[in-house]
Amino acid sequence: MPERDDRADPLLGQVLDGRYRVEALVGAGGMGVVYRAVQLSVDRPVAVKVLHPDASSDPEVVRRFEEEARVVSRLRHPNTVTLIDFGRTASGRLYLVCELMRGAPLDDVLAQGPLSPQRTASLVRQVAQALAEAHTMGVVHRDLKPSNLFVEQVDTQEVVKLLDFGIAKLADGGVQTASGRIFGTPLYMSPEQAEGLAVDARSDLYSLGVVAFECLAGRPPFTGSTAYSILMKHVHDDVPSLPMGEPALDALVRQLLEKAPADRPADAREVARRALAVEHGSAASGPTLSPPRVVEPVEALGSTATWGPAGPAPVVAAPRRARWPIAVVLAGLGGLALWALAPGAPTAPAGSAATAAADAAPSRTPASPTPRRTLARSTQRP
Ligand SMILES: Nc1ncnc2c1ncn2[C@@H]1O[C@H](COP(=O)(O)OP(=O)(O)OP(=O)(O)O)[C@@H](O)[C@H]1O
Ligand SMILES: [Mg+2]
């Protein structure tokens, strides 16, 4: 994102807590304003997110947020943007310090068009791996969406990093701005979030399903002219068809988008495993802008103790493309034989029974106007 210069901003040039010199405005979102800064002790660039004053005013909400931030700062997964520190500005606003990301937020990437099934599967796997660590530590993201995912090219590999863990907890506490608005975007909210019900790790899986759907179809599954209409679609409407792609990936996305949390994949580890299987299975078909990062599942999905410092996970196996044509022919012949013997045998995982017919029909319905950022409480809760 291009940096903007705004000399009128009193935070520019300030040194926060004697440690972080604020240098330039990077961007603004629903919860606050992001700056490029320098961590003076080690002279390294960092990102400082200064939250809006109303997100820093209720002491109880702030206390719960600080508790969460301590846990979030222990997340070590290479697909999670590291939270380095947090504190208060001189005027009392909460600020968070994290890695300064290079690359581009996923919403900018998607503005150039949909992603291939391979890139989508890789993205889903990487985000699911990050979620697996956080969920194991009891942290739910609550605001998983393209602007909170950064896509970075590391050597020949595309690395996706998840930002802003735990920040939505402030909005969760009912923070309102002077204009009576709360934060969040309806496009990526789970049905249970839309209905104001209790939210757990499975809500993040739903939001990941929305992101994956958008990667494949070029638009989110549910759009509308008002926040309320979008939320109601999450609760009541069937998921639209996906363009023809990888059936196993389509089935995974559709299961992530199940209305009832219990019908979604059991956990983020299962999602990562299934996405990895798609990466292996689809490595020979279709163009890919960067080769999939193939990580041994046990290592990729292991306990948090196995994670080292931030950085891409080691590549332990490369897709063996040369053998694929033979394997595909053999698999095809085997499949035909099996089909002849047992034509009614189910091939898709539970929760995806409707996908086969639906996925066959490509859908390119243009998106309706889509409120992406703030959401008026009055429209969210009629
Ligand atoms: N750690 C970071 N490194 C580099 N750029 C960042 C970083 N965090 C955020 N940004 C940039 O700043 C912009 C604003 O981020 P911010 O998180 O405030 O907005 P958002 O993600 O759209 O909304 P939300 O407040 O709901 O997370 C982002 O779109 C992104 O481009
Ligand atoms: Mg963000």
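Details of the structure are given in the entry above.
What counts and how
- Residues numbered from 1 in each chain as written.
- Chains lettered and ligands numbered in written order.
- Predicted model: local features only at pLDDT ≥ 70, side-chain atom pairs only at ≥ 80, totals over all residues.
- Helix = DSSP H or I, 4+ residues; strand = E, 2+ residues; numbered from the N terminus.
- Buried ≥ 20, exposed ≤ 12 C-beta atoms within 10 Å, placed from the backbone.
- Contact = placed C-beta atoms within 7 Å.
- Near = placed C-beta within 6 Å.
- Nonpolar A, V, L, I, M, F, W, Y, C, P; charged D, E, K, R; others polar.
- Expected span 1.5 Å × (residues − 1).
- Pairing = 2+ DSSP bridges.

**Q** An account of the overall build of the chain is requested, with residue identities and associated values reported.
**A** The number of helices and strands found in the chain is 13 helices and 11 strands. Across the 382 residues that make up the chain, the buried fraction comes to 43%. When contacts within the chain are restricted to residue pairs at least 6 apart in sequence, long-range pairs at least 24 apart make up 71% of them.

**Q** Describe the site of ligand 1, naming the residues involved and giving the relevant values.
**A** Around ligand 1, 23 residues are found, and the nearest of them are Gly27, Gly29, Met31, Ala47 and Met101. The set of elements that each furnish at least two residues to the shell around ligand 1 consists of β2 (20-28), β3 (32-39), β4 (44-51) and β6 (94-99). The greatest single-element share of the shell around ligand 1, amounting to 3 residues, is contributed by β2. Its residues assigned to classes, the shell around ligand 1 comprises 13 nonpolar, 6 polar and 4 charged.

**Q** Hey, could you go over helix α6 (residues 201-217) for me, with residue numbers and the actual values?
**A** The first and last C-alpha atoms of α6 sit 25 Å apart over 17 residues, in line with the 24 Å expected at 1.5 Å per residue. The element α6 is largely enclosed, with a buried count of 16 among its 17 residues. In the stretch just after α6, Gly218 is the one whose phi turns positive, near 85°.

**Q** With reference to specific residues and values, describe the pairing of strand β8 (residues 149-154).
**A** Remark: a regular strand shows side chains that alternate across the two faces of the sheet. Of the pairings in the sheet, the one linking strand β7 (residues 104-105) to β8 comprises 2 bridges and is antiparallel in character. Counted as the bridge partner of Pro105 is Phe150 from β8. Relative to strand β9 (residues 157-162), β8 runs antiparallel, the two sharing 6 bridges. When the bridges of β9 are listed, Val154 appears paired with Gln157.

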